[in-house]
Amino acid sequence: QEKKIFTVQGPYPIIRSLLRARGWVERKLPGAGRVGSRPEKHRGRQEKQLQEEKEEEEGERWDEDPDGIHDVMSHLVRDQVPYFIWTNRHSAVDRRLLRQDQVVNHYARVGAFTTKEGLCLNLRNLPWFDQADPDTFFPRCYRLGAVDERQAFIEDFRLTAARSLLKVALERAGDVPAGTEQPPKSGEGPGEHVGTVTPGGRAPPTSPQLVEEALQVCEQHLGSLGHQDIDRDPPSPRMTGTDWDRFLRDCYRVAHIFGTKFDVRQWFLVTSWNPLTVWFYRESYLRFCSRPFSLRRLDPARHLCNVSIQKQCGPLQAYLAQGGRADAWHQVMVPGMKAAVVGALRSAQDLVGSRKGSFELYGADFIFGEDCQPWLLEINASPTMAPSSAVTGRLCASVQRDTLRVVIDHRDDPTCPTGRFALIYK
């Protein structure tokens with residue numbers, strides 16, 4: 001009668017325990033059937049589905065029910081409607097059979113911003129929706145499957161290499177102290193930022209010929225921006241494909257001094273698309289690779305960020321303070337992440353399948369430039385809530401607890417606490 005019946009699909013023991021603690025009863029799914037749908041006669045056994053079923057089985061193993069009481073209660077409500085549905089993929093729910101009073105943790109057609117291609121395309125339209133420039137928070141992005149964009153990427157990559165080389169040359173000449181660069185202008189992405197020489201290390205010398213070639217590339221680019229290349233001969237012969245291959249190899253030897261790769265996972269929650277309503281989590285965590293980055297070695301330890309520490313821990317704060325930016329997290333990094341999230345959502349707002357009563361939790365990944373400005377890499381639907389460390393064990397549990405506070409408690413009582421979720425846009 002109180003409509004406190006729920007269904008969970010996937011490895012979400014925290015959601016199960018929190019709802020049970022609230023007096024809710026779980027209606028367990030029979031096998032891998034879709035919520036609210038009739039059994040399918042034919043089921044493909046593709047790799048993705050097998051992985052999802054494996055996660056669901058792991059979730060069941062985490063579900064402690066030594067006395068079998070929850071199984072009994074689930075049997076009693078087997079014919080009842082679940083009013084709260086949490087699944088690990090949107091396809092697990094047949095939206096055509098949903099009732100208006102059922103709450104689901106997914107929206108339809110979110111690929112408009114949760115896929116790399118969707119984010120790339122739709123952020124180009126952001127100026128039509130908001131007075132914001134996506135080039136200030138989203139790296140320049142190209143679809144390499146499109147011929148024209150592939151060529152644009154090649155030209156941009158070459159130009160970036162030339163600009164980066166000139167920047168390194170200036171730093172080594174003492175004209176520009178490392179770490180004092182101005183924030184990038186519109187259209188400049190984090191690709192132009194390069195590292196400095198590590199203590200005890202020595203970078204290859206920058207040859208005059210290489211600097212001269214980089215200057216010519218930049219000169220030609222500036223000329224094209226000013227339309228000076230129309231009906232005029234180029235100031236010098238343009239480089240051929242072989243010249244570019246040699247130039248890029250030399251640039252890598254000079255300009256690319258890599259450190260350890262890391263990014264930031266930031267959670268946010270959307271409780272409505274009309275009007276767009278966004279909640280931003282007050283805590284995030286850093287994920288570090290365990291080995292220095294390298295373009296020559298592609299092992300996961302160098303490229304996949306999966307070792308996490310808290311943002312409050314000493315290393316990040318000490319690093320920011322050492323560079324004279326002790327206030328950067330609260331004054332630059334967090335506001336920048338909020339603006340990037342809202343911009344991405346606004347650019348895709350008209351494409352997402354809005355449904356009253358639905359909500360969705362997302363995980364956004366960011367990196368930061370030398371000026372501490374955030375750059376949005378991607379937005380993930382159904383971010384993993386399985387603890388991988390002591391830090392994520394605590395944070396993931398808190399995120400799930402506070403999500404229920406927003407989507408259940410706050411819906412019935414707008415004055416109730418929402419944990420670490422803060423409303424940032426409506």
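Basis of the calculations
Residues numbered from 1 in each chain as written. Predicted model: local features only at pLDDT ≥ 70, side-chain atom pairs only at ≥ 80, totals over all residues. Heavy atoms only, no water. Salt bridge = Lys/Arg side-chain N within 4 Å of Asp/Glu carboxyl O. Helix = DSSP H or I, 4+ residues; strand = E, 2+ residues; numbered from the N terminus. Buried < 20%, exposed > 50% of the residue type's maximum accessible area, 1.4 Å probe, protein only. Phe/Tyr/Trp six-rings, centres within 6.5 Å; stacked < 30°, edge-to-face > 60°. Core = buried A, V, L, I, M, F, W, Y, C linked by side-chain atoms within 4.5 Å. Domains from an automatic or database assignment. Contact = heavy atoms within 4.5 Å. Pairing = 2+ DSSP bridges. Patch = residues over 30% accessible without salt bridge, like charges linked within 9 Å, V, L, I, M, F, W, Y side chains within 5 Å. Areas by Shrake-Rupley, 256 points an atom, 1.4 Å probe, with all protein chains shown as cover.

A. Geometry of the pattern of salt bridges. According to the stated counting rule, one finds 26 salt bridges in the structure shown. The salt bridge partner of Glu26 is Arg16, with a shortest N-O separation of 3.0 Å. Residue Glu26 is found in strand β2 (residues 25–26), and its partner Arg16 is found in helix α1 (residues 13–21); the two are separated by 10 residues along the sequence. Using a relative accessible area of 4% as the deciding quantity, one classes Glu26 as buried. Linking Lys167 and Glu370 is a salt bridge whose minimum nitrogen-to-oxygen distance equals 3.1 Å. Linking Lys167 in helix α7 (residues 147–173) with Glu370 in the loop between β8 (360–368) and β9 (374–381), this pair joins segments that are 203 residues apart in sequence.

B. Spatial organisation of unusual backbone geometry. The omega torsion across Asn274 and Pro275 is 0°, close enough to zero to call that bond cis. With respect to the helices and strands, the residue Pro275 is situated in the loop between β5 (262–273) and β6 (276–288). The backbone phi angle of Lys3 is positive, close to 60°, even though this residue is not glycine. Within the element layout of this structure, Lys3 appears in the segment before β1 (5–8). Its identity as a non-glycine residue notwithstanding, Ser382 has a phi of 50°, on the positive side. Note on placement: Ser382 falls in the loop between β9 and α13 (390–412). Exposure remark for Ser382: the relative accessible area of 26% places this residue in the partly exposed category.

C. Main features of the packing of aromatic side chains. Taken as a whole and assessed by the stated rule, the structure comprises 14 aromatic pairs. Between Trp267 and Tyr285, the ring centres sit 5.4 Å apart and the planes meet at 45°, which makes this aromatic pair tilted. Here the residue Trp267 occupies a position in strand β5, and Tyr285 occupies one in strand β6, the gap between them amounting to 18 residues. A relative accessible area of 7% places Tyr285 in the buried class. Judged by centre distance (4.7 Å) and plane angle (65°), the rings of Tyr281 and Phe421 are edge-to-face. Of this pair, Tyr281 sits in strand β6 while Phe421 sits in strand β10 (residues 421–425), placing them 140 residues apart in sequence. Each member of the pair, Tyr281 together with Phe421, is buried.

D. Representation of the nonpolar core. Judged by nonpolar contacts, the single largest core of 64 residues is most densely connected at Phe84 and Phe113. Per element, the largest residue contribution to this core is 11 residues, and it comes from helix α12 (residues 328–348). Counting contributing residues per domain, this core is built from domain 1 (5–30 + 51–104) and domain 2 (116–140 + 254–425), each supplying no fewer than three. When residues no more than four places from it in sequence are discounted, the contact partners of Phe84 are Ile5, Phe6, Thr7, Leu19, Trp24, Val103, Phe359, Leu404, Val407 and Ile408. The next biggest cluster of nonpolar side chains, apart from the first, holds 16 residues, and it includes Leu159, Val168, Cys218 and Leu248.

E. Structural context of the pairing of β5. In terms of burial, β5 is largely enclosed, as 10 of its 12 residues are buried. In this sheet, β6 lies alongside β5 in antiparallel orientation, the contact comprising 10 bridges. Looking at the pairing, Leu269 lines up with Trp279 of β6. With antiparallel pairing between neighbouring strands as the criterion, β5 and β6 make up a hairpin whose turn holds 2 residues. As paired elements, β5 and β8 share 7 bridges and run antiparallel to each other. Each residue of the ladder has a partner; that of Val264, found in β8, is Phe366.

F. Main features of a nonpolar patch on the surface. Side chains of Ile69, Val72 and Leu76 sit close together on the surface and give an oily, nonpolar patch of about 300 Å² of accessible area. Summarising the element assignment, Ile69 is placed in helix α3 (residues 69–76). Taking the relative accessible area as the measure of exposure, Ile69 reaches 44% and is therefore partly exposed.

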